[in-house]
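Tertiary structure, described
What follows is the residue order along each chain.
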Amino acid sequence: MRIDIISVLPELLQSPMQHSIMKRAQEKKLLEVQIHNLRQWAVNEYGQVDDYQYGGGAGMVMMCQPLAKVIEQLSAERKYDEVIYLTPDGEMLDQKIANTLSLKENIIMICGHYKGIDERIREHFVTKEISIGDFVLTGGEIPAMLITDAVTRLLPGVITEGATEDESFSERDGQSLLEYPHYTKPRIYENHEVPQVLLNGDHKKIAEWRKEQAIKITKKVRPDLLNH
Ligand SMILES: C[S@@+](CC[C@H](N)C(=O)[O-])C[C@H]1O[C@@H](n2cnc3c(N)ncnc32)[C@H](O)[C@@H]1O
């Protein structure tokens, strides 16, 4: 999968891509991330990519021309499945969206700044708009990283097979549950023991216990998931 990220602050995106699973996925050639500095397509030699908004009011707006140019240039090189704009008024990110995106071959993500981007880019180039929550961030870089992380771990071969199956929000028996609790050594930690069922090697009983726990925690903290 290839992800192209368009940003005015490319430095912000570097570090997360150079560690852990996202780094390994790139080394294994399962993921390619290309970060583009929008200022390379600026409208003048001063690197201008934003301007005052029509109608007045505080805050700059990211201009059409640089964004259109970079999207057109990339689209001439390969076909993109989605051109995504990260925005608070987009569709709320969830595991389902991450799953769908992980099946795509090439996607572009646009990181907004200031008041956001000129509406005409949204109308004519953007195919999907995603929000990461009901709050306003300074820019789209953290949402872009977050989506890249959520999608990367779903790419076949990135994580040990089966490791994502029981995870929170994954569909199991038609239900979306949170994950059950986990324990590791020592067996007794300051008088707190690991549940006996996990120690007896009875895989059927362990699976039943984990399912019960997953339902219990989901009912307690996210009953809305069970109602779906
Ligand atoms: C200060 S915000 C603009 C907020 C916009 N004026 C509004 O009120 O909806 C600047 C940029 O940060 C990104 N951003 C902020 N909050 C976000 C969120 N919850 N989800 C996704 N992107 C977000 C977007 O790319 C946005 O263009």
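Residues numbered from 1 in each chain as written. Predicted model: local features only at pLDDT ≥ 70, side-chain atom pairs only at ≥ 80, totals over all residues. Heavy atoms only, no water.

1. A short note on the confidence of the model for the protein
Low-pLDDT stretches of the model should not have their predicted coordinates read in fine detail. Here the protein averages 96 in pLDDT, and 100% of its residues register 70 or above. Across the protein, the secondary-structure element scoring lowest on mean pLDDT is strand β8 (residues 171-172), at 82, and the one scoring highest is strand β6 (residues 106-110), at 99. (pLDDT = per-residue confidence, 0-100. Helix = DSSP H or I, 4+ residues; strand = E, 2+ residues; numbered from the N terminus.)

2. Section: the site of the ligand
Not every one of the 20 residues close to the ligand is listed here, only the nearest: Tyr85, Leu86, Gly112, Phe135 and Leu137. Gly112 places a main-chain nitrogen or oxygen 2.9 Å from an oxygen atom of the ligand. In the model, a nitrogen atom of the ligand is placed 3.0 Å from a nitrogen or oxygen of the Lys115 main chain. Here the ligand has 590 Å² of accessible area as a free molecule, and 83% of this is covered by the chains. Of all elements in the fold, only β5 (82-92) and β7 (128-131) reach the threshold of two or more residues within the shell around the ligand. Looking at the shell around the ligand, the element that brings in the most residues is β5, giving 4 residues. When its residues are assigned to classes, the shell around the ligand shows 10 nonpolar, 9 polar and 1 charged. (Near = heavy atom within 4 Å. Polar contact = N/O pair within 3.5 Å; in protein donor to acceptor, adjacent residues only side chain to side chain. Areas by Shrake-Rupley, 256 points an atom, 1.4 Å probe, with all protein chains shown as cover. Nonpolar A, V, L, I, M, F, W, Y, C, P; charged D, E, K, R; others polar.)

3. Things to note about the environment of Asn37
Mapped onto the elements, Asn37 comes out in strand β2 (residues 32-37). Separated by 37 residues in sequence, Asn37 and Leu74 place their C-alpha atoms 13 Å apart.

4. A word on helix α1 (residues 10-17)
Of the positions making up α1, those classed as buried are Pro10, Leu13 and Met17. Buried residues of α1, seen end-on, are gathered within an arc of 60° and therefore sit on one face of the element. On the buried face of α1, the contacting elements are β1 (2-7), α2 (20-27), β2 and α6 (141-152). (Buried < 20%, exposed > 50% of the residue type's maximum accessible area, 1.4 Å probe, protein only. Arc of directions from axis to C-beta. Contact = heavy atoms within 4.5 Å.)

5. Points about the pairing of β6
Where burial is concerned, most of β6 is hidden: 5 out of the 5 residues are buried. By the alternation rule, side chains of β6 split into Asn106, Ile108 and Ile110 and Ile107 and Met109, which are all buried. Pairing of β1 with β6, which is carried by 5 bridges, proceeds in the parallel orientation. The residue of β6 that forms the bridge with Ile5 is Met109. (Pairing = 2+ DSSP bridges.)

6. Quick notes on a nonpolar patch on the surface
Side chains of Phe135, Leu137, Ile142 and Leu146 sit close together on the surface and give an oily, nonpolar patch of about 340 Å² of accessible area. For Ile142, the location among the structural elements is in helix α6. The exposure class assigned to Ile142 is partly exposed, which follows from its relative accessible area of 47%. (Patch = residues over 30% accessible without salt bridge, like charges linked within 9 Å, V, L, I, M, F, W, Y side chains within 5 Å. Salt bridge = Lys/Arg side-chain N within 4 Å of Asp/Glu carboxyl O.)

7. Digging into the pattern of salt bridges
Here the structure, examined in full by the defined rule, presents 14 salt bridges. A salt bridge links Arg120 to Asp118, with the nearest nitrogen and oxygen atoms 2.7 Å apart. A cluster of three or more residues bridged by salt bridges with shared partners is formed by Asp89, Glu119, Arg122 and Glu129.

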